[in-house]
Amino acid sequence: MKIDPSRIGFDIDGVVADTMEAFIRLAAEDHAVPTIRPADITEFEVEDCLDLEPAVIRAIFTRLMQEPLAAGLKPMAHAVEVLSDLAQRAPLTFVTARPLAEPIAAWLENELGPEIFASARLVAMGEHDNKGAYIKGLGLSHFVDDRAETCVGLEAQGITPLVFSQPWNLGKHRLPTVNDWLQIRALCLE
């Protein structure tokens, strides 16, 4: 059974945006942090798994939140092509815990193009734990997120979550997963 493109929504960080790559790169470039490997990020809250000063972590995430374009935030592999294909069938919907909509809206418009972004819906809610109400209010039945706790909460609210596999969510849930954007394409379009 295929997922109707009009009924699926997406988190941004760790799903659409390769926030892990940007975090690791900015830690090295801006803060001279020795090499961090993706496998080192075993917790969603990076301060729980990396030996970094809280001020460094805050500075990196603040830059990514406020200046995603200037920080060089990149999309996940195949995200733009799959989202572009989905957008031909229905407007895209993004629900993010980011507190500011404008910077990530500019990033999405830059990555997807103004025509696709013009019809997209973006909710920047500023927290992780109440996405379900927004997702239901937007008429979605499925949601892709990288935070296992969010997905567990969505399932309890009758929303079908798809956990986007990342090192910080491995072994922390028993929910359906997607490993990449090609799997999302297969679920929705093939």
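Residues numbered from 1 in each chain as written. Predicted model: local features only at pLDDT ≥ 70, side-chain atom pairs only at ≥ 80, totals over all residues. Heavy atoms only, no water.

The next point concerns unusual backbone geometry. Of note in the backbone geometry, Ala32 takes a positive phi value of approximately 50° without being a glycine. Within the fold, Ala32 resides in the loop between α1 (19-31) and α2 (54-66). On the basis of relative accessible area, Ala32 is assigned to the exposed category, the value being 66%. Despite not being glycine, His78 has its phi angle at roughly 70°, a positive value. (Helix = DSSP H or I, 4+ residues; strand = E, 2+ residues; numbered from the N terminus. Buried < 20%, exposed > 50% of the residue type's maximum accessible area, 1.4 Å probe, protein only.)

A separate point is the packing of aromatic side chains. Scanning the model with the defined rule gives four aromatic pairs in all. Ring plane angle 45° and centroid distance 6.4 Å describe the contact between Phe10 and Phe94, whose orientation is recorded as tilted. Of this pair, Phe10 sits in strand β1 (residues 8-10) while Phe94 is found in strand β2 (residues 93-96), placing the two residues 84 residues apart along the sequence. Take Phe10: its relative accessible area is 1%, and that puts it in the buried class. With centroids separated by 6.5 Å and ring planes inclined at 45°, the aromatic side chains of Phe164 and Trp181 adopt a geometry described as tilted. Within this pair, whereas Phe164 is found in strand β5 (residues 160-164), its partner Trp181 is found in helix α8 (residues 181-189), the two being separated by 17 residues in sequence. Like Trp181, Phe164 is buried. Among the aromatic residues, those joined into a ring-pair cluster are Phe10, Phe94, Phe164 and Trp181. Over the face of the ring belonging to Phe44 we find Arg147, whose NZ or CZ atom lies 5.6 Å from the ring centre. (Phe/Tyr/Trp six-rings, centres within 6.5 Å; stacked < 30°, edge-to-face > 60°. Lys NZ or Arg CZ within 6 Å of the ring centre and 35° of its normal.)

Glancing now at the nonpolar core. The biggest cluster of nonpolar side chains holds 48 residues, and the ones touching the most others in it are Phe10, Phe94 and Trp181. The set of elements that each furnish at least two residues to this core consists of β1, α1, α2, α3 (79-87), α4 (101-112), α5 (114-119), β5 and α8. Here this core gets six residues from one element, more than from any other, and that element is α1. By size, the runner-up hydrophobic cluster in this structure holds eight residues, among which are Val95, Val123, Leu154 and Ile159. (Core = buried A, V, L, I, M, F, W, Y, C linked by side-chain atoms within 4.5 Å.)

With respect to the helices, strands and loops of the structure, Leu140 is situated in the loop between α6 (131-137) and β4 (142-145). Sequence separation of Leu140 and Ile8 is 132 residues, and the distance between their C-alpha atoms is 5.6 Å. When near neighbours in sequence (up to four residues on either side) are disregarded, Leu140 contacts Ser6, Arg7, Ile8, Gly9, Thr93, Arg121 and Ile135. (Contact = heavy atoms within 4.5 Å.)

The next point concerns α3. Taken residue by residue, α3 has Ala79, Val82, Leu83, Ser84 and Leu86 as its buried positions. Taken together, the buried residues of α3 touch β1, β2, α4, α5 and α8.

What follows is about the side chain of His173. Assignment of secondary structure puts His173 in the loop between β5 and β6 (177-178). Accessibility expressed as a relative area gives 19% for His173, which makes it buried. Among the polar contacts made by the side chain of His173, one reaches the main-chain amide nitrogen of Leu175 at a distance of 3.1 Å. Beyond its immediate sequence surroundings of up to four residues, His173 is in contact with Ala148 and Val163. (Polar contact = N/O pair within 3.5 Å; in protein donor to acceptor, adjacent residues only side chain to side chain.)

Below, the discussion takes up the pairing of β5. β5 sits mainly inside the fold: four of its five residues count as buried. In terms of handedness, the path from β4 via helix α7 (residues 148-156) over to β5 forms a crossover that is right-handed. Across two bridges, the pairing between β5 and β6 is parallel. Looking at β6, one finds that Phe164 is bridged to Val178. (Right-handed = clockwise from strand over helix to strand, strands pointing away. Pairing = 2+ DSSP bridges.)

Right, let's get into the pattern of salt bridges. In this structure the tally under the stated criterion is 14 salt bridges. With its nearest N and O atoms 3.0 Å apart, the salt bridge here joins Lys131 to Asp11. You can see Lys131 sitting in helix α6 and its partner Asp11 sitting in the loop between β1 and α1, a full 120 residues away along the chain. Linking Arg63 and Glu67 is a salt bridge whose minimum nitrogen-to-oxygen distance equals 3.5 Å. A residue is classified by how much of its surface remains accessible, and Arg63, at 25% relative accessible area, is partly exposed. For Glu67, a relative accessible area of 39% gives the class partly exposed. (Salt bridge = Lys/Arg side-chain N within 4 Å of Asp/Glu carboxyl O.)

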